[in-house]
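This is what each chain is made of:
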Amino acid sequence: TNTTLPSWYRYVHLGGLMNINLSHWTKPNFGVGPYDQTQSTYIEVAPAVLTLDAEASPWASAHAAVIYMNGSSPSVRNYRPTKNVNRQINLDDAYITIGNFNRAPYYARVGEQFVPFGHYDLYPITQSLTQVLSEMDEPAVEGGFVSQSGLSGAIYALTGSKEAADHNNASNSINNFGVHVGYQNFSHSVGYAAGIGLLHNMTDVDAIRQIVDNNHGYAISVPGVSANAGLYFGPFGLTGDNIVTGK
């Protein structure tokens, strides 16, 4: 039987992933309380993600993803610090990209997105400390380039947190920005990649922004620098990441 697919099927793509985790957590006893209260075991959905990608034209595309988690371990409770993703379906990112890499190396992107500060997997089993200190999922505008030589760069801007003195001011402004430059080469048996990023104000990193918002703004602006490098061979990779603050 021949089945003719609708024309839109060629331009819309659904995807997703799901992690089922079994974890055991312990913490120091320090001689206080029963020992068995310092350890816990969890079976969790961490996370389940559904993605939608649509191509409107050779020069315009859209992406959206929703995320769901179900668990009680520290890694699940803190997976997306600024969103209620535990036991709730939540929008993870949604943006529009203008660009055609077959014709030009440049692109522009606007919407809620993970801006290019730091280097990490979006959906790891357990987030590393460098990911916690660099992940920013914010509405932003971004522009950049990706060349065939492996060199890439991006600049982005977003509506950042407010200073404590302006916390009660109803107006908002685009007051945070960053840049990123990277290089990668996978044309050999051992591939490699490296990148460096600069962020004007670290208070908009997701894990930090939650604390800033709970304390009604920040006192001082703290810049940040991210650096990463990695070697890749077959299905394996060895990476190093670092986050440094300016103050």
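Everything quoted here is computed from the prediction, not taken from an experiment.

J.: How should I be thinking about the layout of surface pockets in this particular structure?
T.: Where empty space is left in the structure can be found by rolling a water-sized probe over the atoms. Here the largest pocket defines a volume of roughly 920 Å³. Taken together, 39 residues form the lining of the largest pocket, with Pro116, Gly118, His119, Ser152 and His180 sitting closest to its centre. When contributions to the lining of the largest pocket are tallied by element, the ones reaching two or more residues are β3 (60-70), β4 (90-99), β5 (106-114), β6 (137-146), β7 (151-159), β8 (174-185), β9 (190-199) and β10 (224-233). By residue number, the principal contributor to the lining of the largest pocket is β8, which donates five residues. Taken together, the residues of the lining of the largest pocket sort by class into 19 nonpolar, 17 polar and three charged. Each pocket or cavity is described by its volume, and for the second largest pocket that value is around 220 Å³. For the second largest pocket, the full set of lining residues is His119, Tyr120, Asp121, Pro124, Thr126, Gln127, Ser128, Thr130, Gln131, Tyr232, Thr239 and Asp241. Among the elements of the structure, α2 (129-132) and β11 (236-245) are those that each provide at least two residues to the lining of the second largest pocket.

What counts as what
Numbers given to residues run from 1 along each chain, matching the order in which its sequence is written. Side-chain atom pairs in this predicted model are given and counted only at pLDDT of 80 or more, local residue features only at pLDDT of at least 70, and totals for whole chains, interfaces and linings cover all residues. Side-chain descriptors were evaluated using all non-hydrogen atoms of the structure, hydrogens and water having been removed beforehand. For each structure, a 1 Å grid was placed over the protein atoms alone; sets of points admitting a 1.4 Å probe that cannot get out are labelled cavities, open sets with protein on both sides within 12 Å along at least five of seven lines are labelled pockets, and lining residues have an atom within 4 Å of a point. Grid points are joined across faces, edges and corners, and a volume is the space filled by probe spheres set on the points. Numbered from the N terminus, helices here are DSSP runs of H or I no shorter than four residues, and strands are runs of E no shorter than two. When residues are grouped by polarity, Ala, Val, Leu, Ile, Met, Phe, Trp, Tyr, Cys and Pro land in nonpolar, Asp, Glu, Lys and Arg in charged, and all others, Gly among them, in polar.

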